[in-house]
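Inside the fold
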Amino acid sequence: MNRLFLYVILALSLSMGSCNQPLNKSTGPNEKATTVERIQVPDFNADSAYRYIEEQVDFGPRIPNTPEHLAAATYLVNKLGSFADTVVVQEFKARAYDGTILNGKNIIGSFKPGHKSRVLLCAHWDTRPFADHDPNPENHLVPIDGANDGGSGVGVLLEIARQLELQSPQIGIDIIFFDAEDYGPPQDHQKRGSGNWWALGSQYWAKNTHDPDYFAKYAILLDMVGAHDARFYMEGYSQMYAPGILKKVWNTAHRIGFQDYFIFEQKGYIDDDHKPINEILKIPAIDIIHMDDASSNGSFFEHWHTIHDTMDAIGKGSLKVVGQTVLTVIYEER
Ligand code: AHN
Ligand code: ZN
């Protein structure tokens, strides 16, 4: 993949002292004080993202209230903490649809914590306790690996975190791994259609931000971004609450050559972690999520909430498409 560049036109006086390879551009007789500053967008490494997914899956299913969930949390805090300037764990309790009290942890890493202009990137790190959409009903109570559903968004964001440490962006970035997203009622459960049983970690954070004055210009959620041949349509709530951000991200993807993967077409309304961010915090938040009308479950990727959501379901090409697009958006942001 070719290196991508952003050309930011700055007044010469502002660019003094910049070490970002300033280029002189001739601009005509009356514009002597113009310089072009070239900002390099790092190359997203899909092998690295893939490895971060594998490391999560190796813990086993990351279901709240299990030892595997605790062990994976420690891994994620250490890994994110090795890249970010600060890391905070927000512990919370949430009541699930069946009355279970879930012990949740939202894991929050910040880059340039003092910077006013910020973008929030997020994904859920917990995995679904049951394969309620598995074609074989005998598997409906079996926990899933969640390589794509859970692992992929976090894997891509860990690779972005690694890049952020290597080359500082112009703005502040926060990365949140939300817990307890995927403990919603099983298929055919009486509570399926009522209540806010999904995205419990993001609901908690939106009502109790780790910094009481927290503000970001916008948020990008990654959910199920790693399946082979993933396609991304414009999700309904993202379109409703954050149409400008959605266009910016889709336009960026098209500009860098990923027009076959980011489709300018609206599809579905997904109750996901971006919804509380939009509705409670009023921060415009989009969901980059793989939807597929042709799948046998009728909405998401083929192995959604089945025992086949394993490493075999992950394609490095999809990780690259999403990771490079999000990296480009945030390195071009000021
Ligand atoms: C609903 O099915 C209502 N929300 C799906 C959100 C989700 C589940 N994302 C990943 N797993
Ligand atoms: Zn799920």
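Calculation rules
- Residues numbered from 1 in each chain as written.
- Chains lettered and ligands numbered in written order.
- Predicted model: local features only at pLDDT ≥ 70, side-chain atom pairs only at ≥ 80, totals over all residues.
- Heavy atoms only, no water.
- Helix = DSSP H or I, 4+ residues; strand = E, 2+ residues; numbered from the N terminus.
- Polar contact = N/O pair within 3.5 Å; in protein donor to acceptor, adjacent residues only side chain to side chain.
- Contact = heavy atoms within 4.5 Å.
- pLDDT = per-residue confidence, 0-100.
- Near = heavy atom within 4 Å.
- Nonpolar A, V, L, I, M, F, W, Y, C, P; charged D, E, K, R; others polar.
- Buried < 20%, exposed > 50% of the residue type's maximum accessible area, 1.4 Å probe, protein only.
- Pairing = 2+ DSSP bridges.
- Donors = N, O, S within 2.8 Å, 3.2 Å for Na, K, Ca; no water.

Mapping His124 onto the fold places it in strand 6 (residues 118-124). One polar contact links the side chain of His124 to the main-chain carbonyl oxygen of Asp126, over a distance of 2.9 Å. Polar side-chain contacts of His124 include one of 2.8 Å to the side chain of Asp149. Ignoring sequence-local partners within four residues, the contact set of His124 consists of Asp149, Gly150, Val154, Phe178, Glu181, Asp182, Asp223 and Asp273.

Chain-level statistics for the chain give a pLDDT mean of 91 and a share of 89% at 70 or above. Across residues 1-33 the pLDDT falls below 50, and counting only partners more than four positions away or on other chains, this stretch makes 58 contacts in the model.

In the vicinity of ligand 1, the residues found are His124, Asp149, Glu181, Asp182, Trp198, Asp223, Met224, Asp271, Trp304 and His305. Contact distances for ligand 1 include 3.1 Å between a nitrogen atom and a side-chain N or O atom of Asp182. Here the residues of the shell around ligand 1 sort into 3 nonpolar, 2 polar and 5 charged.

A separate point is the pairing of strand 5 (residues 101-111). For strand 5, the tally of buried residues reaches 9 of 11 residues, placing the bulk of the element in the interior. The pairing of strand 4 (residues 86-95) with strand 5 spans 10 bridges and is classified as antiparallel. When the sheet's bridge partners are listed, Arg95 is paired in strand 5 with Ile101. Where strand 4 folds back onto strand 5 in an antiparallel hairpin, the turn is made up of 5 residues, including Gly99, whose phi is positive at roughly 90°. One ladder, built from 5 bridges, connects strand 5 with strand 7 (residues 172-178); its direction is antiparallel. In the sheet register, Ile107 faces strand 7, and the bridge partner there is Phe177.

Only Asp149 (OD), Asp182 (OD), Asp182 (OD) and His305 (NE2) from the protein coordinate the zinc ion (ligand 2), and they sit 1.9 to 2.5 Å from it. Coordination of the zinc ion (ligand 2) draws on donor residues from a single chain, spaced D-x32-D-x122-H in sequence. Here the residue Asp182 occupies a position in the loop between strand 7 and helix 5 (200-207), and His305 occupies one in the loop between strand 11 (285-289) and helix 9 (316-332), the gap between them amounting to 123 residues. Of the two residues, Asp182 and His305, both sit in the buried class.

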